[in-house]
Amino acid sequence: MAHLFRTIRRVPRKAGPVAALTTLLAVSLTLTPAAASNADHTETVRPKPTIVLEHGAFADASGWNAVIHALQKRGYTVYAPANPLRSLSGDTEYLKSFLATIPGPVILVGHSYGGAVITGAATGDPAVKALVYIAAYAPDQGETVAQATTLGGGTTELLQHITARPFPGAATGDADAYIDTAYFRQLFAQDLPADQAAQMAAAQRPAAFTTLSQPAGTPAWKTIPSWYLIARNDHTIPPAAERAMAARANAHTIEINSSHAAMVGHPHAVTDLILDAATG
């Protein structure tokens, strides 16, 4: 019996170190992959940028509604601030002040005249990681919107169908420019249903004539990666001018069959391009 007890007492002393080593090895094998996975996860995850959408003339921020919905469903914070549409310098400063309130990285998107605004507002702002132009102006330094319209040899009948209305405080010769509602669909949204285009025409926000003639400042597209959507059937900005501006900015470029109101008629294509910029 004493021999048996001695045998029993000897077993734990011999097995203990082996059991401890086995347990330690098992724990190491279990934890090491998880730790490595966590390390990899920490290295690859980046915060989603905030996406800021700038509308142009003859429209308002509601034109972005379908794009906003698609981006929000994917977890992005999105803002579409109102564009004052009073002067290129003033509109640019307004957007700069808005961007200063947003923490973290930003993707800046502009449609039409809104492209000229983002071109200046992003200059010198390290938070802006990409510019996205949707059938938009991307002027060079010293270039006006009116001059950019002629790039590539294209033409537009837009100025032949403008209705001017005065506004308080306007400088001599300045006024609010509206597209004549009878021509709105033909010039701005010919691929949209007639009743939808009529509603957009009634609700259009005018731009002061000053916005056409004020020279642009230093363009952000010279230092910030850019994306560009060309609307092949645009009757507001000539597609030839859009191609010239996209090429000059060395932008990642796509072309679609669309009117000027690409974000309304083709929100999926617009959203996809924005996502390319946000994840590129």
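To keep things clear, this report deals only with the structure shown in the data block. (Residues numbered from 1 in each chain as written. Predicted model: local features only at pLDDT ≥ 70, side-chain atom pairs only at ≥ 80, totals over all residues. Heavy atoms only, no water.)

With respect to the overall build of the chain
- The helix and strand tally for the chain stands at eleven helices and nine strands.
- Relative to its 280 residues, the chain shows a buried fraction of 45%.
- In the chain, 73% of the contacts between residues at least 6 apart in sequence involve partners at least 24 apart.
- As displayed, the chain has an accessible area near 13,800 Å², and 59% of this comes from carbon and sulfur atoms. (Helix = DSSP H or I, 4+ residues; strand = E, 2+ residues; numbered from the N terminus. Buried < 20%, exposed > 50% of the residue type's maximum accessible area, 1.4 Å probe, protein only. Contact = heavy atoms within 4.5 Å. Areas by Shrake-Rupley, 256 points an atom, 1.4 Å probe, with all protein chains shown as cover.)

Here's the deal with the sheet that holds strand 5 (residues 162-165)
- The three strands lie next to each other as 5-6-7, forming an open sheet whose pairing is antiparallel. The open sheet is flanked by strand 5 and strand 7 (207-208), the only strands paired with a single partner.
- Of the pairings in the sheet, the one linking strand 6 (residues 176-179) to strand 7 comprises two bridges and is antiparallel in character. Among the inter-strand pairings, Ala177 is bridged to a residue of strand 7, identified as Ala207. (Pairing = 2+ DSSP bridges.)

As for the sheet that holds strand 3 (residues 106-112)
- Read across the sheet, six strands follow the order 2-1-3-4-8-9 without closing on themselves; strand pairing throughout is parallel. Each having just a single partner strand, strand 2 (78-79) and strand 9 (252-256) make up the two edges of the open sheet.
- By the bridge criterion, two bridges tie strand 1 (residues 50-54) to strand 2 in an arrangement that is parallel. Paired with Ile51 across the strands is Val78, a residue of strand 2.
- Strand contacts of helix 4 (residues 113-121): strand 1, strand 3 and strand 4 (128-136), with the helix running at about 145° to strand 3, the strand carrying the most contacts.
- This element, helix 11 (residues 267-279), spans strand 1, strand 3, strand 4, strand 8 (226-231) and strand 9 of the sheet and lies at about 165° to strand 8. (Axes fitted to C-alpha atoms, helices over the stretch in contact; angles between N-to-C directions.)

Some details on the side chain of Thr50
- Relative to the helices and strands, Thr50 resides in strand 1.
- Other than its neighbours up to four places away in sequence, Thr50 contacts Thr77, Tyr79, Ile102, Pro103, Pro105, Val106 and Ile107.

Here we look at the packing of aromatic side chains
- Overall, the coordinates contain three aromatic pairs when judged by the stated rule.
- Judged by centre distance (5.8 Å) and plane angle (20°), the rings of Tyr133 and Tyr228 are stacked. Separated by 95 residues along the polypeptide, Tyr133 in strand 4 and Tyr228 in strand 8 bring together distant segments of the chain.
- Among the residues examined, Tyr133 registers a relative accessible area of 0% and is labelled buried.
- By relative accessible area, Tyr228 is classed as buried at 0%.
- Taking NZ or CZ as reference, Arg86 lies 4.0 Å from the ring centre of Phe167, over its face. (Phe/Tyr/Trp six-rings, centres within 6.5 Å; stacked < 30°, edge-to-face > 60°. Lys NZ or Arg CZ within 6 Å of the ring centre and 35° of its normal.)

With respect to the packing of helix 3 (residues 88-99) against helix 4
- As a packed pair, helix 3 and helix 4 sit with axes 8 Å apart at the nearest point and diverge in direction by 60°. What the angle tells us is that helix 3 and helix 4 run oblique. Crossing handedness for the pair helix 3 and helix 4: right-handed. The residues of helix 4 that touch helix 3, namely those facing Leu88, Asp91, Thr92, Leu95, Lys96 and Leu99, are Tyr113, Ala116, Val117, Ile118, Gly120 and Ala121.
- For the contact of helix 3 with helix 4, the per-class residue count stands at eight nonpolar, two polar and two charged. (Parallel < 35°, antiparallel > 145°, perpendicular 65-115°, else oblique. Left-handed = near helix turned anticlockwise from the far one by under 90°. Nonpolar A, V, L, I, M, F, W, Y, C, P; charged D, E, K, R; others polar.)

Some details on the layout of surface pockets
- There is about 310 Å³ of room inside the largest pocket.
- Around the largest pocket, the lining is made up of 21 residues, and of these Phe58, Tyr137, Leu158, Leu159 and Leu212 lie nearest the centre.
- If you list the elements that add at least two residues to the lining of the largest pocket, you get helix 5 (145-149), strand 7 and helix 8 (210-213).
- Of the residues contributing to the lining of the largest pocket, the split by class is 14 nonpolar, six polar and one charged. (1 Å grid on protein atoms, 1.4 Å probe; cavity = no way out; pocket = protein on both sides within 12 Å on 5 of 7 lines; lining within 4 Å. Points joined across faces, edges and corners; volume = space filled by probe spheres on them.)

Concerning helix 3
- The end-to-end C-alpha distance of helix 3 is 16 Å, a good match for the 16 Å that twelve residues give at a rise of 1.5 Å each.
- Inspection of helix 3 places Leu88, Asp91, Thr92, Leu95 and Leu99 among the buried residues, and these make up the whole buried set. With its buried residues spanning 100° around the axis, helix 3 presents them on a single face.
- The elements touched by buried residues of helix 3 are strand 1, strand 3, helix 4, strand 4 and helix 8. (Expected span 1.5 Å × (residues − 1). Arc of directions from axis to C-beta.)

Some remarks on the side chain of Asn83
- By the element assignment, Asn83 lies in the loop between strand 2 and helix 3.
- Non-local contacts of Asn83, meaning those with residues more than four positions away in its chain, are made with Glu54, His55, Asp91, Tyr113, Gly114, Val117 and Arg205.

Some details on unusual backbone geometry
- Although it is not a glycine, Ser112 sits at a positive phi angle of roughly 60°.
- Structurally, Ser112 can be placed in strand 3.

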